[in-house]
Amino acid sequence: MSEPGSTTAPLLEVAGVRRRYFAQGGFLSAPKPVDAVVDVSFHVARGETLGVVGESGCGKSTTGRLALGLEQPDGGTVRFDGAALPPAGTAAWRAIRARMQLVFQDPLAALDRRLPVAAQIRESLDVHAIGDGASREARVAELLSAVGLTSDHAGRYPHELSGGQRQRVVIARALATGPELLVCDEPVAALDVSIQAQVVNLLMDIQANLGLAMIFISHDLKVVRQISHRVVVMYLGTVVEEADADRIFSAPQHPYTRALVASSPSPRRKSRPALMIAGEPPDPSARPSGCAFHPRCPGAQALCRTQAPMPRLVGQGHRVACHLVEPWNDAGAAA
Amino acid sequence: MSKPLFELSHLSVAFSGRTVVHDVSLVLGRGEALGVVGESGCGKSVTFLASLGLLPAKARAAGLARLDGDDILNVPAAKLESIRGRRVAMIFQDPSSSLNPVLRIGHQIGEALGLHRGLTGAAARAEARRLLDDVGIPDAANRLNAYPHELSGGQNQRVMIAMALAGEPDMLIADEPTTALDATVQAQILGLIDAIRRDRGMALVLISHDLGAIASVCERVAVMYAGAIVEASGIDAIFDRPQHPYTRGLLAALPELDGPRRRLTPIPGSVPEPWNLPAGCAFAPRCDVASALCRQQRPALSLIGPLDGLVACHHPSDVMDCAERIVA
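## Quick look at the pairing of strand S8 (residues 203-208) of chain B
Residues and elements named next belong to chain B.
Right, on to step 1. S8 sits mainly inside the fold: six of its six residues count as buried.
Right, on to step 2. Judged by which residues are buried, S8 turns out to be covered on both faces: Ala203, Val205 and Ile207 on one side and Leu204, Leu206 and Ser208 on the other are all buried.
Right, on to step 3. Strand direction decides the pairing type here: strand S3 (residues 33-37) and S8, joined by five bridges, are parallel. Across the sheet, residue Val36 finds its bridge partner in S8, namely Ile207.
Right, on to step 4. Two strands pair when backbone bridges link them, and strand S7 (residues 171-175) and S8 are joined in this way by five bridges, in the parallel orientation. Opposite Ala174, over in S8, you have Leu206 as the bridge partner.
Right, on to step 5. In the classification by handedness, the crossover that spans S7, the intervening helix H8 (residues 183-200) and the parallel S8 is right-handed.

Quick look at the structure:
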């Protein structure tokens, strides 16, 4: 796996973003605030794949939408290529949107059922006025071949393709504008294992060949490790741990990351299911005080119940938001 | 193994004349845990729904399904009613769609207790409470009064397990019981199913697409592809020495959480449609060792050497190893 360039300024910088929704309560009750994203910061370098993992309700999809400017943060900033994202809907935003694209979980929902797939890929070239008629035709053929489809597939409708082929079409369409950043939100979750491997390999090849930056959002730790250079783990709207992809799963420091790793069964690690932590992720509208993880944390102390931990460095590029871990400088040998 | 608890013999299932399950045979001993793995559409759920008579009327099942030696496939509905829920229970992927949203949890468990064990009133309520305790629902006495929407997905799946246990069944069929749940909750539910099986000596069939989940609770595993069992073996053997190219392919396509990262090896192509199966071995068009024989003749599920496993392949791995050794 190629090392992403780390000397230049990051392509995407997300700093302290917050996003609050209002959930409709019951009959006659006031809308309830739900903090989907509480305080999230990360950066993505050019040519780098950042994995974002967490369970449902942790805010990982909202984070992806904030990064693309599809949602406006209630606080904090998103900077793309050194400049703040312009407000959504403006001409400046549309110009930037051609440089960043999104791939969702469900390709059937992302595609138009009434249009042949080639026409749908071409549409984004038309929308962004890229090339002329003839060059757009050629570009569509080139994109289909880049995702492993043939001209034979071009005239088909989405329902005439398999799930894996549909996801390839969605990826081809996302690549049409030559984006520098691709945000993939659970792109392989709906696919069977054998097809999932095809799409994971395809995304890795595309990333390496085109030098794209990628944010890969998934609940599946193994797929995230496979595809990512760096990983952030989210819990209830905050980043609890960030590190290099190998390190975060082989030496997880945050109790939640440890629990996730222990809960991920592998056919090659034949062990009884480990009961690492009790309870379930709480409703984001009832966020616990202090460290949001403390009610489920086996090591929680008084401090954890009152004060939210700040991320601290525990090793090279390894940050953990937990009161219980020793900071790198004090411990000396966190590696 | 003495007389098996559950046995399928040459079970085939067809929908509107299209066969989707082909000649499935398997046995399950008392207290044994069998995993059934395969990708969507491989027939793993249909096989067990058919054996319990749970498929719609347009489905036709042929062959034998035996519980304790008695045929349960070709019996009148009334007889089946006394088996389902009582001696064999089943839980599904989405607990919230299996529970009645307008009835309290306690009422629904009580219903199962009345039906299967004739318990009513205070006795049923006390037993329901005990079952909720057993499945790890805190504050069980109060939770009896809760509606399904007041519980989380993981807790609803615990309620489904409690209902399944109400009839004190000999066998539990769990069809993707943790697929809709978050990772940490998934581990909890798998742990619970495993503990209950061990405590009660109940047989378990865990139907899943997740080899990891199966490895963590099952002793034996059957791999299904395109409506047929292609390999069946002990849990260690199948992961350490997979014999069928499809089993090998599934393992090679799976990323790992530790060790060096290697490029995934996908299985080329995709699963054939049930009405468009190739001649011979259904896996042949995607198989890297397929020969002319494979494209003509469907391989039978047969015993593999000293391994005590079964494989339906003309060219299983071990035989190939031997051939290579002889040539070398």
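Having seen the model, we can carry on.
## Some details on the packing of helix H4 (residues 117-127) of chain A against helix H7 (residues 163-175) of chain A
Residues and elements named next belong to chain A.
Right, on to step 1. As a packed pair, H4 and H7 sit with axes 8 Å apart at the nearest point and diverge in direction by 25°. The orientation of H4 with respect to H7, classified from their angle, is roughly parallel. Crossing handedness for the pair H4 and H7: right-handed. Residues Val117, Gln120, Ile121 and Ser124 of H4 form the contact with H7, whose own contacting residues are Val169, Ala172 and Arg173.

## Brief notes about the sheet that holds strand S11 (residues 302-304) of chain B
Residue and element names in this part refer to chain B.
Right, on to step 1. Taken together, eight strands build an open sheet; the order of strands is S6-S7-S8-S3-S9-S10-S12-S11 and the sheet is mixed. Only two strands of the sheet have a single partner each, and these edge strands are strand S6 (88-91) and S11. Strand-to-strand twist across the sheet, computed as the mean angle between neighbouring axes with direction ignored, equals 25°.
Right, on to step 2. Two elements, strand S9 (residues 220-225) and strand S10 (residues 228-234), share six bridges in a ladder whose sense is antiparallel. Within S10, the residue paired with Tyr225 across the bridge is Ala228.

## Remarks on the interface of chain A and chain B
Right, on to step 1. Counting from both sides, the interface comprises 38 residues of chain A and, opposite them, 40 residues of chain B.
Right, on to step 2. For the side of chain A that touches chain B, the secondary structure elements donating two or more residues are helix H8 (193-210), helix H9 (221-227), helix H10 (245-250) and helix H11 (255-262) of chain A.
Right, on to step 3. At seven residues, H8(A) tops the list of elements feeding residues into the side of chain A that touches chain B.
Right, on to step 4. Each residue belonging to the side of chain A that touches chain B can be placed in one class, and the counts come to 17 nonpolar, 13 polar and eight charged.

## Description of the domain arrangement of chain B
Residues and elements named next belong to chain B.
Right, on to step 1. Domain boundaries in chain B define domain 1 (6-218) and domain 2 (225-327).
Right, on to step 2. Measuring from the centre of the C-alpha atoms in domain 1 to the corresponding centre in domain 2 gives 29 Å.
Right, on to step 3. Taken together, the contact pairs 16 residues of domain 1 with 13 residues of domain 2.
Right, on to step 4. Examining the composition of the side of domain 1 that touches domain 2, we find that eight residues originate from one element, strand S2 (residues 18-28), more than from any other.
Right, on to step 5. In terms of residue class, the side of domain 1 that touches domain 2 is built from eight nonpolar, five polar and three charged.

## Focus on the nonpolar core
Residue and element names in this part refer to chain B.
Right, on to step 1. Ala162, Val205, Tyr225, Ile229 and Val230 are the most contacted members of the largest nonpolar core, which totals 194 residues.
Right, on to step 2. Element by element, the count of residues in this core is highest for helix H7 (residues 153-166), at eight residues.
Right, on to step 3. Once you skip the residues sitting within four places of it in the chain, Tyr225 turns out to touch Gly38, Cys42, Val230, Tyr246, Ala282 and Phe283.

Here is what the cut-offs are and how they apply
Residues numbered from 1 in each chain as written. Chains lettered and ligands numbered in written order. Predicted model: local features only at pLDDT ≥ 70, side-chain atom pairs only at ≥ 80, totals over all residues. Buried ≥ 20, exposed ≤ 12 C-beta atoms within 10 Å, placed from the backbone. Helix = DSSP H or I, 4+ residues; strand = E, 2+ residues; numbered from the N terminus. Pairing = 2+ DSSP bridges. Right-handed = clockwise from strand over helix to strand, strands pointing away. Axes fitted to C-alpha atoms, helices over the stretch in contact; angles between N-to-C directions. Parallel < 35°, antiparallel > 145°, perpendicular 65-115°, else oblique. Left-handed = near helix turned anticlockwise from the far one by under 90°. Contact = placed C-beta atoms within 7 Å. Nonpolar A, V, L, I, M, F, W, Y, C, P; charged D, E, K, R; others polar. Domains from an automatic or database assignment. Core = buried A, V, L, I, M, F, W, Y, C linked by C-beta atoms within 7 Å.

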